[in-house]
Amino acid sequence: QVQLVESGGGLVQAGGSLRLSCAASGLTFSEFTMAWFRQAPGKGREFVAAINKDGSTIKYADSDQARFTISRDNNKNTVYLQMNSLKPEDTAVYYCAGRIGVPSGLMFEYRFWGQGTQVTVSS
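What you see is a predicted model; the values in this text were computed from it and never measured. (Residues numbered from 1 in each chain as written. Predicted model: local features only at pLDDT ≥ 70, side-chain atom pairs only at ≥ 80, totals over all residues. Heavy atoms only, no water.)

Asker: Give me unusual backbone geometry: which residues, what numbers.
Answerer: Within the chain, N77 stands out as a residue other than glycine whose phi angle is a positive 50°. Along the chain, N77 falls in the loop between β7 (68-73) and β8 (78-83). Of note, S85 is a non-glycine position whose phi angle comes to about 50°, a positive value. Classification of S85 by relative accessible area gives partly exposed; the value is 42%. (Helix = DSSP H or I, 4+ residues; strand = E, 2+ residues; numbered from the N terminus. Buried < 20%, exposed > 50% of the residue type's maximum accessible area, 1.4 Å probe, protein only.)

Asker: Talk me through the sheet that holds strand β3 (residues 18-25); I want residue IDs and the actual numbers.
Answerer: Taken in spatial order, the four strands of this open sheet run β1-β3-β8-β7, and their pairing is antiparallel. The open sheet has two edge strands with one neighbour each: β1 (3-7) and β7. The sheet shows a mean angle of 15° between the axes of neighbouring strands, direction not considered. When β1 meets β3, the two strands line up antiparallel, connected through five bridges. Along β3, the bridge assignment pairs L4 with A24. (Pairing = 2+ DSSP bridges. Axes fitted to C-alpha atoms, helices over the stretch in contact; angles between N-to-C directions.)

Asker: So what's going on with the state of the cysteines? Which residues, and what values?
Answerer: If you walk through the whole model with that rule in mind, you get one disulfide. With its sulfur 1.9 Å from that of its partner, C22 forms a disulfide with C96. In this pair, C22 sits in strand β3 while C96 sits in strand β9 (residues 92-99), placing the two residues 74 residues apart along the sequence. Taken as a pair, C22 and C96 share a single burial class, namely buried. (Disulfide = S-S within 2.5 Å.)

Asker: How would you explain the environment of G16 if you had to name every residue and give the values?
Answerer: As for its placement among the helices and strands, G16 is situated in the loop between β2 (10-13) and β3. When its relative accessible area of 16% is taken as the criterion, G16 is described as buried. Expressed as a C-alpha distance, the spacing of G16 and S85, which sit 69 residues apart in the sequence, is 5.4 Å. In contact with G16, other than residues within four places in its own chain, are M83, N84, S85 and L86. (Contact = heavy atoms within 4.5 Å.)

Given below as structure tokens:
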């Protein structure tokens, strides 16, 4: 079955960096658009970034474009999210998701989801 497993979360001070990874199995990774979403305590899940199957098209949430970078390695079936200049408001559970189609910021368009990794940014 399809599995998306996130890793790389943790506790970091404001201004620091983290690199999240999402390892995929059970699917033809190179055919899937992959995305990152996040859910802060008490809030809904929101879009962070998405990358198409060959990395040629990338979409970011407007607020994150300058600090976050999404990338993928199809040889390793892995998608990454590099997060720099982290702020306390970036504290959330970060989820990766996969879909067939163009990058999208809409949750319901993603078929497969990981379990999430916690990112906590202290002030």
